[in-house]
Amino acid sequence: MGERDRELEVAPQWWRWATENLLRGVAEGLVSEQLQAAGVSGAQARELISAIIGSPIFLAARPFARAARQHEMLARLKQRMAATACDPTGIPRRSGVSAAELRDVYVAGNIPVILTDVVTRWPAFGRWTPAYLSETFGDVVVDVTTGRQGDPDYDMHAARHTESTSLRDFVARIEAARTETNDFYMVANNRVLERTRLGALLSDVVLPDGYCAAQRLLGSSALWLGPAGTVTPLHYDTSNILFGQVYGRKRYRMIAPFETSLFEGARAMYAARDPEQGSMDPVLVKDVVLEPGEALFIPVGWWHHVRALDASISLGINSFPFHNNFDWYRPSNVA
């Protein structure tokens, strides 16, 4: 029997298994032992391993597999160290954070933080309420998303759920909601600040020196307005965001980018898993309630799931005075 005939006697799944383990760095001797334990003869095991490691395809794949193992090791190290924190599921609340500290510690470190004294300085805080928006801008026609509860991918399909309404009617709908609902919501994709007179609201937003580029607020800010019960599913963004909670409360569940298991089954920037549906183990989830007057710094790449606990008004800002476009960061799209 020739060499080719003996190779064909080994089932294809064992070729795949051996190739995968060799690429993972498993010693050839251990691979051979396992093959023989499965019924492959010693000679066949040696020939199979020799054929694999001599293959040009295997030689080309080996450096990529080595790099993948190195990155996997780094992610595992970060996971282990994150779990050692005194409060691994919390996010620190800080006041008096300068622009330099925000940039050097939290932006450069890719670390979330809740700032307790930023939104409280805005004229918007205490002024922006659903009633105020209705009284002041009630005639403004805005786009909102509706019919969300009938679509499991409502956030991905925001465009097809968009309808126009007066802000007065939309606020009335929020105030009429007697129970929590995720069916209607004004979201970032509605871009109401850029497209309507609501952009004037940004005059009520005054940020500490150096935090954000004030001249770009209009094109780099998003107003969120909706009833209790609105949910933004678990996803990540390709920019850093400062999320100011002006009215009402929101619950954030945040997961670090190094929890790479979330990329499994993800579509675009949306995870396949839901923190509200079953255990997230072994993923470490930071779980906080953002109170009125607080701002959450959401680092680029961090997964976050958001539920409004009350009727709420929020403002997302990403006009930082440094590079803040990481559109290339789409690891969930990597084949």
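Use the structure listed above.
Criteria and thresholds
- Residues numbered from 1 in each chain as written.
- Predicted model: local features only at pLDDT ≥ 70, side-chain atom pairs only at ≥ 80, totals over all residues.
- Heavy atoms only, no water.
- Phe/Tyr/Trp six-rings, centres within 6.5 Å; stacked < 30°, edge-to-face > 60°.
- Lys NZ or Arg CZ within 6 Å of the ring centre and 35° of its normal.
- Helix = DSSP H or I, 4+ residues; strand = E, 2+ residues; numbered from the N terminus.
- Expected span 1.5 Å × (residues − 1).
- Buried < 20%, exposed > 50% of the residue type's maximum accessible area, 1.4 Å probe, protein only.
- Arc of directions from axis to C-beta.
- Contact = heavy atoms within 4.5 Å.
- Pairing = 2+ DSSP bridges.
- Axes fitted to C-alpha atoms, helices over the stretch in contact; angles between N-to-C directions.
- Parallel < 35°, antiparallel > 145°, perpendicular 65-115°, else oblique.
- Left-handed = near helix turned anticlockwise from the far one by under 90°.

Q: I would appreciate a short explanation of the packing of aromatic side chains in the present structure.
A: Any two aromatic rings considered together are summarised by their centre-to-centre distance and by the angle between their planes. For the structure shown, the criterion picks out 13 aromatic pairs. Among the aromatic residues, those joined into a cluster by ring pairs are Y236, F263, W303, F326, W328 and Y329. A cation over a ring is seen here: R173 above F184, with NZ or CZ 4.2 Å from the ring centre.

Q: Can you help me understand helix α2 (residues 12-23) in this one?
A: Each α-helix winds once per 3.6 residues, and so residues spaced three or four apart point in a common direction. If you check α2, its first and last C-alpha atoms are 17 Å apart, about what 12 residues at 1.5 Å a residue would give, namely 16 Å. Every buried residue of α2 is accounted for by A18, N21 and L22. Down the axis of α2, the sector holding all buried residues measures 100°, keeping them to one side. Turned more than 90 degrees off the buried face of α2, the exposed positions are P12 and R16. Looking at the packing, one finds that the buried side of α2 touches α3 (28-37), α4 (42-53) and α5 (56-82). G25 sits one or two positions beyond α2 and adopts a positive phi of about 95°.

Q: What exactly am I supposed to notice about the pairing of strand β11 (residues 303-308) here?
A: Note on strand geometry: in a regular strand, side chains alternate between the two faces of the sheet. Judged by how many residues are buried, β11 sits mostly within the fold: 5 of 6 residues are covered. In terms of strand pairing, strand β6 (residues 231-235) meets β11 through 3 bridges, oriented antiparallel. Following the sheet pairing, H235 is matched in β11 by H304. Judged from the 6 bridges that link them, strand β8 (residues 250-255) and β11 form a sheet pairing that is antiparallel. Looking across to β11, one finds that M254 is bridged to H304.

Q: Is there a simple way to think about the packing of α2 against α4 in this case?
A: What describes two packed helices is the angle between their axes and the distance between those same axes. Where α2 contacts α4, the two axes come as close as 10 Å, and the packing angle between them is 60°. The angle between α2 and α4 places the two elements in the oblique class. In the crossing of α2 with α4, the sense of the turn from one axis to the other is right-handed. Along the contact surface, α2 presents W15, A18, T19 and L22, while α4 presents L48, I49, A51, I52 and I53.

Q: What's the story with the sheet that holds β6 in this structure? I'm lost.
A: Strand pairing in a sheet relies on backbone hydrogen bonds, with the paired strands running either antiparallel or parallel. On the basis of which strands lie adjacent, the open sheet formed by 4 strands has the order β6-β11-β8-β9 and antiparallel pairing. The open sheet is flanked by β6 and β9 (286-290), the only strands paired with a single partner. Neighbour to neighbour, the strand axes of the sheet diverge by 15° on average, direction disregarded.

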